[in-house]
Amino acid sequence: MIETIENLLQLLILLICTGISLSWAIRERGGTAILLFFFYASFALADLYWLLYLVFYEKSPVIFYVSDLSWYASYLFLYMLVQQMADPEEQKFRFTALWALPAFCAVMCLFYMQWGDYLSNAICAVLMSLLLCHSVRGLVYMRSHPQAAANRPLYIAILVFCMLEYGVWTTSCFWVGDTWKNPYFIFDCLMTVYMLFLLYSYKKAVTE
């Protein structure tokens, strides 16, 4: 019951964010807001499938690939958004320490493979690596290029997103149970609040 309520709340927030981002995309006639809209829409579709399964079968989905594909699509749209927001010089910027992020994602991927299938964990590792690398790269780039600081709120939001996702995945490995004492629900509730934070961060980035 708790999982159903929490997923319903997250879906409602996602639908609100989807509607707002769509209105921005229509006003901008496309632009980066359309990528934000597709992120929210994809994430909402994944949550919808998960919620309907909970309602009809009263348990988490056994066949979870439908939700996974939608979540993968949302990560990809978020990555495309970050790419679009960066200027050409920033996209070429590199530094050695950046390789620590793909290494971290690879280690976590191997860890999660103890509970999940290899392909889905590998896909998540690649997409998380892209999001982490491009957001951290942007934040480091801003230190020597203050004119690019407008994107800081969005890059910080991307980092928060990745941390929350890793929090959700890690807690789901160790704690099971439909109770608020399960840390998984705490991270998932934080993810629900985060969806509004991302909307605010994007708007702040494009208006500065």
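Right above here is the structure, for reference.
Everything quoted here is computed from the prediction, not taken from an experiment. (Residues numbered from 1 in each chain as written. Predicted model: local features only at pLDDT ≥ 70, side-chain atom pairs only at ≥ 80, totals over all residues. Heavy atoms only, no water.)

Caption draft 1: Region of the structure containing helix H6 (residues 118–144). Between its terminal C-alpha atoms H6 stretches 40 Å, which fits the 39 Å expected from 27 residues at 1.5 Å a residue. The N-terminus of H6 is capped by Asp117, whose side-chain oxygen sits 3.2 Å from the backbone nitrogen of Leu119. (Helix = DSSP H or I, 4+ residues; strand = E, 2+ residues; numbered from the N terminus. Expected span 1.5 Å × (residues − 1). Polar contact = N/O pair within 3.5 Å; in protein donor to acceptor, adjacent residues only side chain to side chain.)

Caption draft 2: Highlighting the nonpolar core. The biggest cluster of nonpolar side chains holds 64 residues, and the ones touching the most others in it are Tyr40, Tyr75, Met128, Leu131, Phe161, Met195 and Leu198. Secondary-structure elements contributing two or more residues to this core are helix H1 (2–28), helix H2 (33–57), helix H3 (65–85), helix H5 (100–112), H6, helix H7 (152–174) and helix H8 (183–207). Element by element, the count of residues in this core is highest for H7, at 12 residues. For Tyr40, the contacting residues outside a window of four places in its chain are Leu14, Cys17, Thr18, Ser21, Met195, Leu198 and Leu199. (Core = buried A, V, L, I, M, F, W, Y, C linked by side-chain atoms within 4.5 Å. Buried < 20%, exposed > 50% of the residue type's maximum accessible area, 1.4 Å probe, protein only. Contact = heavy atoms within 4.5 Å.)

Caption draft 3: Highlighting the environment of Glu165. Within the secondary structure layout, Glu165 lies in helix H7. According to the relative accessible area criterion, Glu165 is buried, its value standing at 5%. A sequence separation of 20 residues divides Glu165 from Phe185, and the C-alpha atoms of the two residues are 12 Å apart. Not counting residues up to four positions away in its chain, the partners in contact with Glu165 are Phe43, Tyr75 and Met191.

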